[in-house]
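# Coordinates in review
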2 protein chains.
Amino acid sequence: MNVNERIAAVRALMAEKGIDVYYIPNEDDHLSQEYTAEYFQCKSWISGFTGESGCVIITKDFAGLWTDGRYFTQAENELKGSCVTLMRMRQEGVPDAVDFLVDQTPEEGTLGFDGRVVSAAEALGLARRLRFKKAKLVTGSDLAGEVWGRERPSMPAAEIYTLAKKWTGESADERIGRVRQAMKKKGADVLVLTALEDPCWLLNVRGNDIACTPVAYAFAMVTMKKVSYYISKEKLNKKVKDYFEKIHVTIRPYEKLAADLSKLHGKKIWASLNQLNADLYSHLAEDNSIINETSPVLLFRAVKNSTEIRNLKNAHVKDGVAMVQFIRWVKENVSKGDMTELSAQNYLYDRRAEQKDYIEPSFHTICAYQANAAMMHYSATEDSYAEIRPRGVLLVDSGGTYKDGTTDITRTIALDELTDTEKKYYTMVLKGHLALMRAKFLYGTAGSNLDILARGPMWQMDIDYQCGTGHGVGHVLSVHEGPHGIRWGLPRKSEGERLEPGMIVTDEPGIYLPHEIGIRIENELLVVKGTKNFYGQFLGFETVTYCPYDLDAIDVKYLTDEEIDQLNDYHAMVYEKLAGLLGEEDRKWLAEATGKIEKK
Amino acid sequence: MNVNERIAAVRALMAEKGIDVYYIPNEDDHLSQEYTAEYFQCKSWISGFTGESGCVIITKDFAGLWTDGRYFTQAENELKGSCVTLMRMRQEGVPDAVDFLVDQTPEEGTLGFDGRVVSAAEALGLARRLRFKKAKLVTGSDLAGEVWGRERPSMPAAEIYTLAKKWTGESADERIGRVRQAMKKKGADVLVLTALEDPCWLLNVRGNDIACTPVAYAFAMVTMKKVSYYISKEKLNKKVKDYFEKIHVTIRPYEKLAADLSKLHGKKIWASLNQLNADLYSHLAEDNSIINETSPVLLFRAVKNSTEIRNLKNAHVKDGVAMVQFIRWVKENVSKGDMTELSAQNYLYDRRAEQKDYIEPSFHTICAYQANAAMMHYSATEDSYAEIRPRGVLLVDSGGTYKDGTTDITRTIALDELTDTEKKYYTMVLKGHLALMRAKFLYGTAGSNLDILARGPMWQMDIDYQCGTGHGVGHVLSVHEGPHGIRWGLPRKSEGERLEPGMIVTDEPGIYLPHEIGIRIENELLVVKGTKNFYGQFLGFETVTYCPYDLDAIDVKYLTDEEIDQLNDYHAMVYEKLAGLLGEEDRKWLAEATGKIEKK
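It should be emphasised that the depicted structure is a prediction, and the values quoted were computed from it without experimental measurement. Chains are numbered independently. Their residues run from 1 in the order of the written sequence. All chains are assigned letters beginning with A, and all ligands numbers beginning with 1, in the order in which they are written. The model is predicted, so local features are restricted to residues of pLDDT at least 70 and side-chain atom pairs to those at 80 or more, both for listing and for counting; the totals for chains, interfaces and linings are taken over all residues. Neither water nor hydrogens contribute to the side-chain values; these are computed over all heavy atoms in the structure.

Numbering of helices and strands runs from the N terminus, with a helix taken as a DSSP run of H or I at least four residues long and a strand as a DSSP run of E at least two residues long. The number of helices and strands found in chain A is 19 helices and 28 strands. On C-alpha atoms alone, chain A measures out to a radius of gyration of 25 Å, which is about the 25 Å that the 2.2 N^0.38 rule sets for 600 residues. Per-residue burial for chain A yields a buried fraction of 61% across its 600 residues. Put simply, 69% of the contacts in chain A that link residues at least 6 apart link residues at least 24 apart. In chain A, 75 positive and 87 negative side-chain charges are present, and the distance between their average locations comes to 6 Å. This radius of gyration counts C-alpha atoms alone. The globule rule is 2.2 Å times how many residues there are, raised to the power 0.38. Three exposure classes are used, based on accessible area relative to the maximum for each residue type with a 1.4 Å probe and protein chains only: buried under 20%, partly exposed in between, and exposed over 50%. Here, two residues are considered to be in contact whenever any of their heavy atoms come within 4.5 Å of each other. Charged residues are defined narrowly, with Lys and Arg counted positive, Asp and Glu counted negative, and His plus the chain ends left uncounted. To locate a charge, take NZ of a lysine, CZ of an arginine, CG of an aspartate or CD of a glutamate.

It is worth spelling out the relation of the copies chain B and chain A at this point. Between the two copies, chain B and chain A, the superposition gives an RMSD of 0.0 Å; the rotation angle is 180° and the shift along the axis is 0.0 Å. Here the transformation between the copies is reduced to the relation of a two-fold axis. For chain B, the residue whose C-alpha comes nearest the rotation axis is Asn449 of chain B, separated from it by 2.4 Å. The share of interface residues of chain B whose copies in chain A are also at the interface is 100%, consistent with both copies meeting through the same surface. In this comparison the copies share one frame, found by least squares on the C-alpha atoms of residues holding pLDDT of at least 70 in both.

Now for the interface of chain B and chain A. Contacts between chain B and chain A engage 38 residues on the former and 38 residues on the latter. Three residues, Asp462, Leu490 and Tyr535 of chain B, lead the burial of chain B against chain A; their summed loss comes to 21% of the area buried on that side. Salt bridges are defined as contacts in which a side-chain nitrogen from Lys or Arg sits within 4 Å of a carboxyl oxygen from Asp or Glu. Taken together, the connections running from chain B to chain A amount to 4 salt bridges. Between Lys532 of chain A and Glu92 of chain B there is a salt bridge whose closest N-O contact spans 3.5 Å. In this description, buried area is defined as the sum, over both parts, of the accessible area (probe of 1.4 Å) that is lost when the two are combined.

Attention shifts here to the side chain of Gln370 of chain A. All names here are of chain A. Along the chain, the position of Gln370 falls in the loop between strand S16 (366-369) and strand S17 (393-398). Looking at Gln370, its side chain comes within polar contact range of the side chain of Glu422, at 3.0 Å. If sequence neighbours within four positions are ignored, Gln370 has contacts with Arg391, Gly392, Val393, Glu422, Glu516, Ile517 and Gly518. By the criterion applied in these results, polar contacts are pairs of N or O atoms within 3.5 Å in which, for protein atoms, one can donate a hydrogen and the other can accept it, and in which residues neighboring in sequence qualify only through two side-chain atoms.

Moving on, we come to the sheet that holds S16 of chain A. Residues and elements named next belong to chain A. Pairing within the open sheet is antiparallel, and its 3 strands lie in the order S16-S17-S20. The open sheet has two free edges, formed respectively by S16 and strand S20 (409-414), since each of these has just one partner strand. Taken over all neighbouring pairs, the strand axes of this sheet differ in orientation by 10° on average, direction set aside. Should DSSP find at least two bridges between two strands, the strands are taken to pair. Where S16 lies against S17, 4 bridges are found, and the strand directions are antiparallel. Across the sheet, Ile366 pairs through a bridge with Asp397, a residue of S17. In this fold helix H14 (residues 306-333) packs onto S17 and S20, with an angle of close to 20° to the strand it touches most, S20. To obtain an axis, a line is fitted to C-alpha atoms, over the contacting stretch when the element is a helix, and the angle between two such axes runs from 0 to 180 degrees between their N-to-C directions.

Glancing now at the pairing of strand S26 (residues 517-520) of chain B. All names here are of chain B. Of the two faces of S26, the one lined by Ile517 and Ile519 and the one lined by Gly518 and Arg520 are each fully buried. Pairing analysis gives 4 bridges linking strand S25 (residues 510-513) to S26, with the strands arranged antiparallel. By the bridge assignment for S26, Ile511 is matched with Ile519. In textbook terms, the turn of a hairpin is the stretch between consecutive antiparallel strands, and for S25 and S26 this stretch comprises 3 residues, one of which, His515, has a positive phi near 65°.

So, about the confidence of the model for chain A. A residue's pLDDT is the confidence the predictor assigns to it, expressed on a 0 to 100 scale. Of all residues in chain A, 99% have pLDDT values of 70 or greater, and the mean over the chain is 96. Taken over the whole predicted complex, pTM reads 0.92, whereas the ipTM for its chain interfaces reads 0.91.

Right, let's get into the sheet that holds strand S16 (residues 366-369) of chain B. Paired through backbone hydrogen bonds, the strands of a sheet run either parallel or antiparallel to each other. Residues and elements named next belong to chain B. Strands sit in the order S16-S17-S20 across an open sheet of 3 strands; the sheet is antiparallel. The outermost strands of the open sheet, each flanked by one partner alone, are S16 and strand S20 (409-414). With direction set aside, neighbouring strand axes in the sheet form an average angle of 10°. Direction of pairing for strand S17 (residues 393-398) relative to S20: antiparallel, over a ladder of 6 bridges. Of the residues in S20, the one forming a bridge with Ser398 is Ile409. Strand contacts of helix H15 (residues 341-353): S16, S17 and S20, with the helix running at about 145° to S16, the strand carrying the most contacts.

This next bit is on the packing of aromatic side chains. Ring pairs shown here join Phe, Tyr and Trp side chains whose ring centres sit within 6.5 Å, with only the six-membered ring taken for Trp; geometry is labelled stacked below 30 degrees between planes, edge-to-face above 60, and tilted in between. Considering all chains together, one arrives at 38 aromatic pairs over all chains under this definition. Taking 4.9 Å as the distance between ring centres and 55° as the angle between the ring planes, the aromatic pair formed by Trp66 of chain A and Phe100 of chain A counts as tilted. Taken as a pair, Trp66 of chain A in strand S3 (residues 63-67) and Phe100 of chain A in helix H4 (residues 97-104) lie far apart in primary sequence, 34 residues in all. Each member of the pair, Trp66 of chain A together with Phe100 of chain A, is buried. Between Tyr243 of chain B and Phe244 of chain B the ring centres are 5.4 Å apart and the planes differ by 55°, which places this aromatic pair in the tilted class. What links up through ring pairs into an aromatic cluster is the set Tyr39, Phe40 and Tyr217 of chain A. Note on criteria: charge over ring means Lys NZ or Arg CZ within 6 Å of the ring centre, with the direction from the centre no more than 35 degrees off the ring normal. Here the guanidinium or amino end of Arg351 of chain A rests over the ring plane of Tyr347 of chain A, the centre of that ring lying 4.3 Å away. The lysine or arginine in question, Arg455 of chain A, covers the ring of Tyr465 of chain A, its NZ or CZ lying 4.2 Å from the ring centre.

What follows is about the environment of Phe326 of chain B. Residue and element names in this part refer to chain B. Relative to the elements of secondary structure, Phe326 occurs in helix H14 (residues 306-333). For Phe326, a relative accessible area of 0% translates into the label buried. As for Phe326 and Tyr347, which are separated by 21 residues in sequence, their C-alpha atoms are 7.0 Å apart.

Here you go:
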């Protein structure tokens, strides 16, 4: 079946069930925002668009894919030839997907979706708006899944494993204790942990159910007396079972959470309606009250303890070694003529994999040559990749998950002498990147207060990179993690937007000129305490990514003395961290790559 | 009666009426945040603190004044010798005033205040929190007013006047039309305008009831058919009465608003509970529903039309002429030995007053010598002012209201060769000021996204100026106006924080080192459209303040080439705007003061 046939089949089912508008979001039953098991990838299967963000809406005579600026070019290519219209989110004249759903549902009509993969908050919002039209909501129908049928992959079933205290710095008991304290403060009787990362963090276990993120499909329910872990039994080996017994965690079948929720009565249940799916929500009796707030585990996860910080720095040292080996290899071999995006990213995968305690890539590497790099989330595949020639730049955004921690780094590599314009762009991105890196700020500052430091040099040129500047990074968990971030505009919600010592955030401004060039530079920054004085507690950043920028891509005339000093200091630190771990040739290369630069 | 006796008298009344905790806020019956009629200045009368922000709380055995960082030094001085404790807001260990009120009210106790000068929102919040303590609220008692007695000034009664369309660019009819459209959108039957500026803007009238702001004590009520204006009759002369008749505005006695509100039933009433006093709120019948949102007039006021923009630029040209005359006079006469903060500020008042269509100062001038300038809202008075010697700096923050518009400008003047440290501080403030001035940003940007541009250079030195960077400025109305502003942290509310073309905002970073020095540089910026492209609509600022910075105070070594170019361009523009309006000597002086500077 091709995309058009799949959509026709969904339309046939819609007609059969009296559904006027059908909605296929991107999420799984945990409302994961990024990687999901293949089982849940209905949006991609039905539309042919393989990007990690977006949704599909199907009506009798229209099928549209909504996705954001990061994916426009990719989606344009992947949707070519199908009946699916690309809806460019946040562009003038493009309706919001949710508004469109409501708008397209006729008076007294029906809107349908699979309630397992839509949040309770979204479903309640839609129901409220549809009421004005006397329209109804049908949430029990997985039409794309039905059409997919026997070809649909099954749910993953990888074994989970424990992560010792030497990696996490805190036992599950201690973490459960902290969570119960937070519950007491809110007066919660029950906490339902639905985000995939939350039970992993709480119980110090990791899994292998989805790509690039060491988590398992599981839920947890915490009360003052009991911790229940909902997971398919096949994922538990003897060692893990013993562990759970020792820490008094009750194992329950994955699919029993709905039934267990329906047994709760008169309880104060802490569950974010943004993170609880509509199907589970429908099982809650009305005599409970809901504390609709983000799980306390999100903030606990975001603030790293001293063991995690020591370990993650170690992970970044290993990552730096792999990156240096890789960049030197690219620079020295690109003119030989047989380098491709695919061979390059494989070379880098191998360098990381050689490192001790390596688990997996922390996300799909973006190894994008010149114009391909303008697609922010471009992916070279076996079917489609470019040759890398000794001209322009190679943008490589990659990371590794080690038992020590999770990394995320981007470097843009000059493959030959760049044009003046290319150098100017690289240097402007670097200026923004450095400005955020050296920022000092009072406690209370949110990411939205700092974004312009990184974005400013691009805005001054009437260019925008159309995405956030930075995101949190999990500890041996998701590479993208909240609640904080570096973004412009008004914060989505106030809580948790504040930067706290111990948080990790990326610093990754860029320039993306469609069909021309893409440049991005990314380090991870650790929020640390600075001076405390009359004015309050100052905070700042310690850079934990150790890898040189590309001196071949910099036009020094755009840098201030302060920026030159900062760059030289950073490069000296990188050399000091990595030199001892590199072979002779790599070390020599690094010494040059981190050599002092001067204002001409 | 001295302060201690006044407080003792209030305590006697509290005992009589069974009130445990008594609260005296800063506001008038319109909840004005800054200037109020003397009649309403209970907080100052009772405590001796004359600053424009703060509140007093009195219990059996404690009296405290809460005020913010701008006023710490002033309050320290003014409270000396009284029983009133200075509560430094937002400093570690200092409880929030509202928390303190609730905390100090005993179980089943009583908290009292004058409901006319506390917002409905604040009163409702307090009532809700007191309910947990079974405590009650008494809102009918103006105890400070009772003690003040016959010495209390009466309510002001100045005549109001109309402002022709050539000044405002829009007739009252047109403005009423816009307001009714906004009401329709919200489904409001009635709009109650309580902010002093709102009826003035709507009806194109101005008054003279409070210092430095051309407004009258009045309310307005707008329905789809009728506009009622609540004002004391003695303020209306024949010409104004005819005007209101012509535009079909019904005049009602000031004190009848409460009674008219109580006649409303089954209506959707638009009134911000933050801006409606608790006494008026108590007159609303329960069968009405309240649209508790900021008045639409706030945003209408903030976005200036083309006539207002043309006029306000004219006002700034006049202001620039006065400032140039003043600065030259200071510099040339400071060494003669008889200059004081008072004589200097009077000299400046006179220069503004000579300008055409001048109305009044737009706020009390801050003319503060060296260490006095560290008090952000310092005021020299007849009783207390410093001599100005040819050493250090003079900070002058002043503005005028002209029929053309309202101005607000700060310059810090070097009185002699400054020390290296003083120059460094001046230059850092200038760097922040210039960075905000030249910012470009996409539509959707809020002031909280931009604040760091101005504040950054100070934070990098572990210094903070402990207040916002900028505020809106009214058009022949308050010099401080929302809804926007340039502040760090999380926005108070999302709505209206976005910068819109046509808004005016000040750019006034500073450095304030208690007992040492104060430096501030302030221009007004107009938000203007920039490039519109693939990324969206870019905005930027056009500077509408025309007055040189002090080249004697700048250490060029701290400036980048970009900053030097920007400064030279600004100075060239200032010279071009003002030179033709100055006398020979002033023009010569300005030519030098705006001369090109270069990197050494």
